[in-house]
Amino acid sequence: MTMLVAGLSYPVYSRVRGAGWSRWELMMQGLWREAVIGLPLTMGVLALAAYSDGMMRAVVLWLFAAWLAWVFATRRLAAAVRPSLHVVSTGPLRDRITEMAEAAGVRLRHIFVLDAGKSLDANAAAIRTSGGINSVLLTDYLIRGLDRREVDAVVAHELAHLKGKHGGHPVLVYIVCTVLATALVTWLTLESRIRPDWSPLLIAPIIFLLPLIWNRFRSRRQERAADRDALQYTDYPEAHITSLVRINKLGLVPLNW
């Protein structure tokens, strides 16, 4: 359905958005974006079915397959988007970001600029690897569309994410919830507190709803904390407001819904 919508809406999308993706490229991106969630979720359902049949080895295999499917779909999505990264090693942009990072107490390894020539995406991201390596990424479309103070405000927001060690592993949350739900229902069944055929009805909401609610709740708290803490790293609080307004306009997101 996502691929069909992307294909049918392409003439309007290309005229309004002005992006350089072809119809097929947008359809494949839609496919792999859905696969990043859909494939692991489908295999999680199969793991649940295997558990209801008492096939514990199959449960472990399906959960492992769900992780492999997430890795595969993520890489295919990256290949479909074909991002072009450039390391900023010199210049006033690097100097300003480095100065703000030192004020925030964040050690940056890299400052990346992503070529958004086709996507026209005004965005930024904080990148923190498992080894504790911090980097900041900006799209060139954002740098061109915002003034210097607004770019600094966006960077300050990302530095606040790094300072607060925000982020997490959504897939890990699903795995933990699956293990806990399975253990809980198994104990309730052995204690004869529930009937065995009730197990899938109890496990499914825990596996699918609880991680979704938790990840959304944590994400919003982290975004608000980054908005608040970013004000410490720049001298122009108004730029934090105008940068968000301008990013919405660049992304064609309505300010009035």
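Above this text sits the structure in question.
Residues numbered from 1 in each chain as written. Predicted model: local features only at pLDDT ≥ 70, side-chain atom pairs only at ≥ 80, totals over all residues. Heavy atoms only, no water.

## Some words on the overall build of the chain
A tally of helices and strands in the chain yields ten helices and four strands. Counting from the amino terminus, helix and strand elements in the chain follow one another as α-α-α-α-β-α-β-β-β-α-α-α-α-α. Judged by the C-alpha coordinates and their principal axes, the chain covers about 65 × 45 × 35 Å. Residues counted as buried form 36% of the 257 residues belonging to the chain. A separation of at least 24 residues holds for 69% of the contacts in the chain among residues at least 6 apart in sequence. Carbon together with sulfur atoms contributes 63% to the accessible area of the chain, which is approximately 15900 Å² in total. A gap of 4 Å separates the mean positions of the 29 positive and 20 negative side-chain charges of the chain. (Helix = DSSP H or I, 4+ residues; strand = E, 2+ residues; numbered from the N terminus. Buried < 20%, exposed > 50% of the residue type's maximum accessible area, 1.4 Å probe, protein only. Contact = heavy atoms within 4.5 Å. Areas by Shrake-Rupley, 256 points an atom, 1.4 Å probe, with all protein chains shown as cover. Lys, Arg positive; Asp, Glu negative; His and termini not counted. Charge placed at Lys NZ, Arg CZ, Asp CG, Glu CD.)

## Points about the pattern of salt bridges
Side-chain pairing between opposite charges can occur once the charged atoms of the two side chains come close. Applying the stated rule across the entire model yields seven salt bridges. Note that Lys118 is salt-bridged to Glu25, the shortest N-O span being 3.3 Å. With Lys118 in the loop between strand E2 (108-114) and strand E3 (124-128) and Glu25 in helix H3 (residues 23-52), this pair connects stretches of sequence that are 93 residues apart. When its relative accessible area of 33% is taken as the criterion, Lys118 is described as partly exposed. Look at Glu25 and you get buried, because its relative accessible area is 15%. The partner of Arg246 in a salt bridge is Glu150, with the nearest N and O atoms 3.2 Å apart. (Salt bridge = Lys/Arg side-chain N within 4 Å of Asp/Glu carboxyl O.)

## Describing the packing of H3 against helix H4 (residues 56-81)
Angle between the axes and distance between the axes are the two parameters that describe a pair of packed helices. Packing of H3 against H4 leaves a shortest axis separation of 8 Å and a crossing angle of 180°. As the angle between them shows, H3 and H4 are arranged roughly antiparallel. The residue makeup of the contact of H3 with H4, split by class, is 24 nonpolar, two polar and two charged. (Axes fitted to C-alpha atoms, helices over the stretch in contact; angles between N-to-C directions. Parallel < 35°, antiparallel > 145°, perpendicular 65-115°, else oblique. Nonpolar A, V, L, I, M, F, W, Y, C, P; charged D, E, K, R; others polar.)

## Quick notes on the packing of aromatic side chains
Evaluated as defined, the whole model comprises three aromatic pairs. The lysine or arginine in question, Arg149, covers the ring of Tyr236, its NZ or CZ lying 3.8 Å from the ring centre. (Phe/Tyr/Trp six-rings, centres within 6.5 Å; stacked < 30°, edge-to-face > 60°. Lys NZ or Arg CZ within 6 Å of the ring centre and 35° of its normal.)

## A word on the nonpolar core
Counting 30 residues, the largest nonpolar core has Leu138, Leu142, Leu146, Val151, Val154, Val155 and Leu159 as the members making the most contacts within it. Taken together, the elements giving at least two residues each to this core come down to helix H5 (92-104), E2, strand E4 (134-139), helix H6 (140-145), helix H7 (148-163), helix H9 (199-230) and helix H10 (237-250). A per-element tally of this core places H7 first, with seven residues. Those residues within four positions of Leu146 in sequence are excluded, and the remaining contacts are Val151, Val154, Ser243, Arg246, Ile247 and Leu250. Counting residues in hydrophobic clusters, the runner-up holds twelve residues, among them Ala47, Val59, Ala181 and Ile194. (Core = buried A, V, L, I, M, F, W, Y, C linked by side-chain atoms within 4.5 Å.)

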